[in-house]
Amino acid sequence: LAKTTQPISMDSYEGQEVNITCSHNNIATNDYITWYQQFPSQGPRFIIQGYKTKVTNEVASLFIPADRKSSTLSLPRVSLSDTAVYYCLVGDITGGGADGLTFGKGTHLIIQP
Amino acid sequence: EAGVAQSPRYKIIEKRQSVAFWCNPISGHATLYWYQQILGQGPKLLIQFQNNGVVDDSQLPKDRFSAERLKGVDSTLKIQPAKLEDSAVYLCASSSYWTSGAGSYNEQFFGPGTRLTVL
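Attention here is on the structure that accompanies the text. Remember, predicted model here, so these are calculated numbers, not experimental data. Numbers given to residues run from 1 along each chain, matching the order in which its sequence is written. Following the order in which they are written, the chains are lettered starting with A and the ligands numbered starting with 1. It should be noted that, the model being predicted, local features are given only for residues of pLDDT at least 70 and side-chain atom pairs only at 80 or more, the latter also being counted only at that level, while totals for whole chains, interfaces and linings use all residues. Calculation of side-chain values draws on the structure's entire complement of heavy atoms; hydrogens and water are dropped beforehand.

## Some thoughts on the nonpolar core
If you look at soluble globular proteins, the nonpolar side chains tend to sit buried side by side.
Move 1: To define a nonpolar core, start from buried Ala, Val, Leu, Ile, Met, Phe, Trp, Tyr and Cys residues and group those joined through side-chain atoms within 4.5 Å. Throughout, exposure labels follow a simple rule: accessible area from a 1.4 Å probe, protein chains only, divided by the maximum for the residue type, with under 20% read as buried, over 50% as exposed, and the rest as partly exposed. Core analysis: the biggest nonpolar cluster contains 21 residues, and Phe21, Trp34, Leu77, Ile79, Tyr90 and Leu116 of chain B have the highest contact counts within it.
Move 2: We count a stretch as a helix when DSSP gives it H or I for four or more residues in a row; a strand needs E for two or more, and each element gets its number in order from the N terminus. Secondary-structure elements contributing two or more residues to this core are strand 3 (19–24), strand 4 (31–37), strand 5 (44–50), strand 8 (75–79), strand 9 (88–100) and strand 11 (114–118) of chain B.
Move 3: The contact partners of tyrosine 90 of chain B, leaving out residues within four places of it in the chain, are Gln6, Phe21, Tyr35, Gln36, Leu46, Phe65, Leu77, Ile79, Gly113, Thr114 and Leu116 of chain B.
Move 4: Membership of the second largest hydrophobic core comes to 20 residues, among which are Trp35, Tyr86, Cys88 and Leu109 of chain A. Contact between two residues is taken to exist if any of their heavy atoms lie within 4.5 Å; hydrogens are not considered.

## A word on the sheet that holds strand 8 (residues 84–92) of chain A
All names here are of chain A.
Move 1: Pairing between strands is defined by DSSP: at least two bridges between them are needed. Taken together, the five strands give an open sheet; going across it, the order is 1-9-8-3-4, and neighbouring strands pair in mixed fashion. The sheet is open, and its two edges are formed by strand 1 (9–13) and strand 4 (45–50), each paired on a single side. Averaged over neighbouring strand pairs, the angle between their axes works out to 25 degrees when direction is ignored.
Move 2: One ladder, built from five bridges, connects strand 1 with strand 9 (residues 107–112); its direction is parallel. Looking across to strand 9, one finds that serine 9 is bridged to histidine 108. The angle between two axes is taken between their N-to-C directions and runs from 0 to 180 degrees, where each axis is a line fitted to C-alpha atoms and a helix contributes only its stretch in contact.

## Side note on the environment of tyrosine 35 of chain B
Move 1: Mapped onto the fold, tyrosine 35 of chain B is located in strand 4.
Move 2: Here tyrosine 35 of chain B falls in the buried class, since its relative accessible area comes to 1%.
Move 3: Taking C-alpha positions, tyrosine 35 of chain B is 23 Å from serine 104 of chain B, a pair spaced 69 residues apart along the chain.
Move 4: The residues touching tyrosine 35 of chain B, leaving out its near neighbours within four places in the chain, are Phe103 of chain A together with Pro43, Lys44, Leu45, Leu46, Val89, Tyr90, Leu91, Ala93, Gln108 and Phe110 of chain B.
Move 5: Distance and chemistry together define a polar contact, namely a pair of N or O atoms within 3.5 Å, with one atom able to donate a hydrogen and the other to accept it when in protein, and with adjacent residues in sequence counting only for side-chain atoms on both sides. Here the side chain of tyrosine 35 of chain B touches glutamine 108 of chain B through a polar contact of 2.9 Å, side chain to side chain.

Printed below as a string of structure tokens:
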């Protein structure tokens with residue numbers, strides 16, 4: 001199972017772009033990279049998922065270099081409501097389930113006014 | 001579309017008692033997960049079902065925890081007997097999945113969780 005390493009905490013200010021990097025040196029060929037967001041007293045919420053290069057949706061971008069040993073979640077123009085814990089997960093999703101996906105301790109992102 | 005439903009939302013029991021949690025996944029989702037989240041930690045997968053078959057239960061304490069998913073839809077997670085260290089939030093999730101020439105996609109949808117306190 002691929003192990004992930006991400007910063008324990010980060011802080012930024014409203015309106016800034018925030019980049020959270022995750023290391024996954026032993027990522028396997030079939031593994032995808034997925035990011036989830038969790039607010040206190042709520043279940044995690046899916047943000048974005050990718051396999052290689054760049055993926056963008058309405059809330060974030062995911063940058064994955066060619067060697068896939070790391071990935072960066074980019075949140076454009078953050079607001080106070082983006083204060084949450086962000087989890088990077090790596091696992092094989094090609095079989096229909098999220099096989100081997102493990103939530104680590106996540107990154108506590110704090111956005112200040 | 002309705003989300004993942006869980007009940008109860010809160011439960012307080014004494015150690016050595018038993019407790020059961022219920023989960024109704026999003027309609028059509030074949031994969032269902034139960035997670036345990038202890039305060040300050042990330043969710044830990046307890047068991048994963050594909051339809052009504054178990055895919056992964058390697059981290060389920062089988063001496064006290066059991067789970068079933070009848071007819072491949074609703075699921076229950078039971079703890080018997082409970083210990084103090086079982087105090088946590090129990091999250092249920094289901095996932096949608098597709099694959100194409102562009103790759104695969106799997107998104108887990110989480111319920112609100114059940115907060116269990118064992119005294």
